[in-house]
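The primary structure of each chain is shown beneath.
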Amino acid sequence: MQPALNISKLHKTYTASKGTASKIALNGVDLQVRRGSIFGLLGPNGAGKSTLINILAGLVRKSSGTVQIWGWDQDVNPRQSRAAIGVMPQELNLDPFFSPAAALETQAGLYGVARADRQTAEILEIVGLADKANAYARTLSGGMRRRLLLAKALVHNPHVLVLDEPTAGVDIELRQMLWENVRMLNRERGMTVILTTHYLEEAEEMCDEIAIIDNGQKIAQDSTTNLLDQLDGRVMVVQPSAAPTSIPTLPNITVEHRTDGSLAFAYQARQTSADQVIDAVRQSGIGIADIRTEQARLEDVFLALTAKRPIK
Ligand SMILES: Nc1ncnc2c1ncn2[C@@H]1O[C@H](COP(=O)(O)OP(=O)(O)O)[C@@H](O)[C@H]1O
Ligand SMILES: [Mg+2]
């Protein structure tokens, strides 16, 4: 089966215009996205994420390389590849005089969706805009406009839904609603979802696979679990059965006495096994009332790979 998205050797150079030099935004990106996945495209500001997504959306023209969406090559079968994808862009681009219902009808028309097949009311229901169906877009709040952008991406029931920073600067409630929508569309309609986000905990929670791009190049791609496992640092937190009289010093393990009374043992997985840590704790005379391990966070992986601080 063809992947949902297959990108090969993708290059994009924005040509120089007066006052600005030319800019290489994508420098040979290969990317495959499995059908049915929720895929995260991460990277620091300016990495090239929106450029890639805008190429998928047909809003930016690539310099070279190939893009296949649902098996359709953008250059060979532009109509089919365009029909296979729906994009919610980062920028708000709505006609202020259109109501949500009219915006969706127009969008459906652009995609050649027959009147009988249109799902305007249903889509407005999904994104929670049913009661605003006939209000002018300019009267909608920022959050409602975002939801309308998502709705527009859905009118032709695409195989692949792409969301560029859908939750940047939106409140918690809208964020949760967007993610619920995304999960539902993935689960119930089998949509493949590709998203970018600055919130790494969000990607960690939502995405089963992640690619990290930096400086126009892909620097990592793996399942979220494998990416997290890549990190060598581990922390085992022990709740001692009695307050320890002294803090043990252990080879290759650093010990931190936390304010809640627990002891955090930090070690490198390649150097020390969990077994060895537990043995060392017992041998130092500390009884174990409770024990847990702390997970590496995607943020740590991201920082290790890009050596930059992500914007949060
Ligand atoms: N229309 C444009 N013209 C010139 N340079 C651009 C344009 N759009 C983006 N860029 C540049 O391309 C690089 C990648 O930008 P972008 O794809 O928006 O990154 P991201 O979405 O990862 O933050 C940045 O250096 C940005 O300044
Ligand atoms: Mg962007």
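Summarised in this report is the structure supplied together with it. Being a predicted model, the structure only gives us computed values, none of them experimental.

What counts and what doesn't
- Residues numbered from 1 in each chain as written.
- Chains lettered and ligands numbered in written order.
- Predicted model: local features only at pLDDT ≥ 70, side-chain atom pairs only at ≥ 80, totals over all residues.
- Heavy atoms only, no water.
- Pairing = 2+ DSSP bridges.
- Helix = DSSP H or I, 4+ residues; strand = E, 2+ residues; numbered from the N terminus.
- Axes fitted to C-alpha atoms, helices over the stretch in contact; angles between N-to-C directions.
- Buried < 20%, exposed > 50% of the residue type's maximum accessible area, 1.4 Å probe, protein only.
- Lys, Arg positive; Asp, Glu negative; His and termini not counted.
- Salt bridge = Lys/Arg side-chain N within 4 Å of Asp/Glu carboxyl O.
- Contact = heavy atoms within 4.5 Å.
- Donors = N, O, S within 2.8 Å, 3.2 Å for Na, K, Ca; no water.
- Near = heavy atom within 4 Å.
- Polar contact = N/O pair within 3.5 Å; in protein donor to acceptor, adjacent residues only side chain to side chain.
- Areas by Shrake-Rupley, 256 points an atom, 1.4 Å probe, with all protein chains shown as cover.
- Nonpolar A, V, L, I, M, F, W, Y, C, P; charged D, E, K, R; others polar.
- Core = buried A, V, L, I, M, F, W, Y, C linked by side-chain atoms within 4.5 Å.

**Observations concerning the sheet that holds strand E12 (residues 254-257)**
- Read across the open sheet, the four strands follow the order E12-E13-E11-E14; overall the sheet is antiparallel. Edge positions in the sheet fall to E12 and strand E14 (288-294), since each has one partner strand and no second. Mean inter-strand twist for the sheet, computed between neighbouring axes without regard to direction, equals 20°.
- Here E12 runs beside strand E13 (residues 263-268); their pairing, made up of four bridges, is antiparallel. From the neighbouring strand, His257 faces E13, where its bridge partner is Leu263.

**What about the side chain of Asp73?**
- Residue placement: Asp73 occurs in strand E5 (residues 72-73).
- The side chain of Asp73 is buried and forms no salt bridge, while Lys62, the nearest opposite charge, is found at 5.4 Å.
- Excluding residues that lie within four positions of it along the chain, Asp73 makes contacts with Thr66, Val67, Gln68, Pro78 and Ser81.

**Comments concerning the pattern of salt bridges**
- Using the criterion set out here, one finds 11 salt bridges in the structure.
- Glu202 is the salt-bridge partner of Arg175, the closest N and O atoms lying 3.4 Å from each other. Placement of the pair is Arg175 in helix H6 (residues 172-188) and Glu202 in helix H7 (residues 200-206), with a sequence separation of 27 residues.
- With a shortest N-O distance of 3.6 Å, Arg258 and Glu256 are connected by a salt bridge.
- When its relative accessible area of 42% is taken as the criterion, Glu256 is described as partly exposed.
- Residues joined in a network through salt bridges with shared partners are Glu256, Arg258, Arg292 and Glu294.

**Quick look at the coordination of the magnesium ion (ligand 2)**
- Protein coordination at the magnesium ion (ligand 2) comes from Ser50 (OG) and Gln90 (OE1), with a distance range of 2.1 to 2.4 Å. Of the two residues, Ser50 is situated in helix H1 (residues 49-56) and Gln90 in the loop between strand E6 (85-88) and helix H3 (100-110); the sequence distance between them amounts to 40 residues.
- Overall, the relative accessible area of 21% leaves Ser50 in the partly exposed class.
- Residue Gln90 is classed as partly exposed on the basis of its relative accessible area, which comes to 33%.

**A short note on the site of ligand 1**
- Close contacts around ligand 1 come from Tyr14, Lys23, Ala25, Pro44, Asn45, Gly46, Ala47, Gly48, Lys49, Ser50 and Thr51, and that covers them all.
- For ligand 1, an oxygen atom lies 3.2 Å from a polar atom in the backbone of Ala47.
- One of the side-chain N or O atoms of Lys49 is found 2.8 Å from an oxygen atom in ligand 1.
- When ligand 1 sits alone it has 570 Å² of accessible area, and the protein chains cover 60% of it.
- Listing elements by their share of the shell around ligand 1, those giving two or more residues are strand E2 (23-33) and H1.
- Of the residues that constitute the shell around ligand 1, the class distribution is four nonpolar, five polar and two charged.

**Examining the environment of Pro96**
- As for its position among the elements, Pro96 is in the loop between E6 and H3.
- Along the primary structure Pro96 and Tyr136 are separated by 40 residues, whereas in three dimensions their C-alpha atoms are 6.5 Å apart.

**Some points on the nonpolar core**
- The biggest cluster of nonpolar side chains holds 48 residues, and the ones touching the most others in it are Leu42, Leu150, Leu161, Leu163, Ile210 and Leu298.
- Ranked by the residues each element gives to this core, the list is headed by helix H5 (residues 142-154), at seven residues.
- Setting aside its immediate chain neighbours within four residues, Ile210 contacts Phe39, Gly40, Leu42, Ala203, Ala220, Gln221, Asp222, Thr224, Leu227 and Leu298.
- By size, the runner-up hydrophobic cluster in this structure holds 27 residues, among which are Leu5, Leu41, Leu52 and Trp70.

**Quick word on the sheet that holds strand E9 (residues 209-214)**
- Judged by pairing direction, the sheet is mixed, and its six strands sit side by side in the order E6-E7-E8-E3-E9-E10 without closing on themselves. On the outer flanks of this sheet lie E6 and strand E10 (217-223), each paired with one strand and no other. If you compare each strand with its neighbour and ignore which way they point, the axes differ by 15° on average.
- Along the sheet, H5 contacts E6 and strand E7 (160-164); its crossing angle with E6, the most-contacted strand, is approximately 170°.

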